[in-house]
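# An overview of the molecular structure
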Amino acid sequence: GVALGVMALLVVLAVMSGFDYDLKDKLVGTNAHVIVEAEQGIREVEPLLRRVAATEHVVGVSPFVTGQAIVRLPDRAFGVVVRGLDAERERRVSKWQEYVVMGHLPANDEEAVLGVELARFMRAAPGDMIGLLSPADGTLHELVVSGLFRSGMYEYDANLIGLTIPRAQQMFGLEGVVSGLGVRLDALERAEEVRHRLAEAVGSAYTVKTWMQLNQTLFDALKLEKLTMFVILTLIVLVAA
């Protein structure tokens, strides 16, 4: 009984720890640990970027532009999420580069990277042309698919398109403005602690959010799962005892 109880305890702890780590890794793989945003966007990017980078436990900072656009195909049209990114800086903040399974991230303003599920739906491959309708003025932007990525999260793989920051700014009418800064930390668990430090460093004009706030529903589910497993493991310990 003791041997079986201890074995069950070790197996359940190992499985749940691995599941917890894998889910968190997928959640923050295409996103940053902490996001710094402003209601009207950020104009003075470089001074703010240096201030954020100087904060303790911050190991990478990258600007981004985000918004929605419409993909137009010969027989249908549908909405997608567009992310403008700096490919060089993004390496230090997210795992986009690691997720690329074919081709590469956008190297110029004429290129775009697609999720594998979205590419399959569009029947697009690296080198093909795709059309994106701008929500700002209805202009059609024709882009070359530079690569495909697979994050492991269907929501991202089926709805996300990556562009360069200048092209995304042009598409959304945000000349000289970025949506926010993505921040990577030396430890995921320090997100809440660093959020308070960043809020003090950047001032009240900016909003600082952690990955937990951006994925509140899934994070609440993880906490509930941990509570349930604690109760079950306690019963196993009592039985073994």
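Now for a description of the structure that goes with this document. (Residues numbered from 1 in each chain as written. Predicted model: local features only at pLDDT ≥ 70, side-chain atom pairs only at ≥ 80, totals over all residues. Heavy atoms only, no water.)

Our focus in this paragraph is the overall build of the protein. Within the protein, the secondary structure is distributed over 10 helices and 10 strands. Oriented by its inertia axes, the alpha-carbon framework of the protein measures out at about 70 × 45 × 25 Å. Across the 241 residues in the protein, those meeting the buried criterion constitute 46%. Within the protein, contacts between residues at least 6 apart in sequence are counted, and of these 74% link residues at least 24 apart. With an accessible surface of roughly 12,500 Å², the protein has 57% of that area assigned to carbon and sulfur atoms. Taking the 23 positively charged and 30 negatively charged side chains of the protein as two groups, their mean positions are separated by 2 Å. (Helix = DSSP H or I, 4+ residues; strand = E, 2+ residues; numbered from the N terminus. Buried < 20%, exposed > 50% of the residue type's maximum accessible area, 1.4 Å probe, protein only. Contact = heavy atoms within 4.5 Å. Areas by Shrake-Rupley, 256 points an atom, 1.4 Å probe, with all protein chains shown as cover. Lys, Arg positive; Asp, Glu negative; His and termini not counted. Charge placed at Lys NZ, Arg CZ, Asp CG, Glu CD.)

On to the packing of aromatic side chains, then. What the rule picks out here adds up to two aromatic pairs. A centroid spacing of 5.2 Å and a plane angle of 75° characterise the contact between Phe 78 and Phe 121, whose relative ring orientation is edge-to-face. With a gap of 43 residues between them, Phe 78 in strand S3 (residues 77-85) and Phe 121 in helix H5 (residues 116-122) connect regions that are remote in the sequence. By relative accessible area, which is 41% here, Phe 121 ends up partly exposed. (Phe/Tyr/Trp six-rings, centres within 6.5 Å; stacked < 30°, edge-to-face > 60°.)

This part takes up the pattern of salt bridges. Tallied over the entire structure, the rule returns eight salt bridges. Note that Glu 88 and Arg 91 form a salt bridge whose closest N and O atoms lie 3.8 Å from each other. The class for Arg 91 is partly exposed, based on a relative accessible area of 47%. Of the charged contacts in the structure, one is a salt bridge between Arg 197 and Glu 193, with a shortest N-O distance of 3.1 Å. (Salt bridge = Lys/Arg side-chain N within 4 Å of Asp/Glu carboxyl O.)

Time to look at unusual backbone geometry. Of note, the phi angle at His 57 is positive, near 80°, even though the residue is not glycine. If you check the backbone angles, Arg 123 has positive phi at about 55° while not being a glycine. Within the secondary structure layout, Arg 123 lies in the loop between H5 and strand S6 (129-133). Note on Arg 123: relative accessible area 79%, which makes it exposed.

With that settled, the discussion passes to the pairing of strand S10 (residues 207-210). Here S10 shows a clear split, with Val 208 and Thr 210 buried on one side and none of Thr 207 and Lys 209 buried on the other. For strand S1 (residues 34-42) and S10, the ladder comprises four bridges, and the chain directions are antiparallel. Residue pairing in the sheet places Val 36 in a bridge with Val 208 of S10. (Pairing = 2+ DSSP bridges.)

This paragraph deals with helix H2 (residues 45-53). For H2, the complete set of buried residues consists of Val 45, Leu 48, Leu 49 and Val 52. Down the axis of H2, the buried set is contained in an arc of 105°. They therefore lie on one face. Its buried side turned inward, H2 meets S1, strand S2 (58-72), helix H3 (87-90), strand S9 (178-185) and helix H8 (191-202). (Arc of directions from axis to C-beta.)

Attention now goes to the pairing of strand S7 (residues 140-149). Counting buried residues in S7 gives seven out of 10 residues, a clear majority hidden from the surface. Direction of pairing for strand S4 (residues 100-103) relative to S7: antiparallel, over a ladder of three bridges. Opposite Gly 103, over in S7, you have Gly 147 as the bridge partner. Sheet analysis places strand S5 (residues 111-115) next to S7, joined by five bridges and oriented parallel. When the sheet's bridge partners are listed, Gly 115 is paired in S7 with Phe 149. As consecutive antiparallel partners, S6 and S7 are separated by six residues, and within that stretch Gly 138 has a phi angle of approximately 75°, a positive value.

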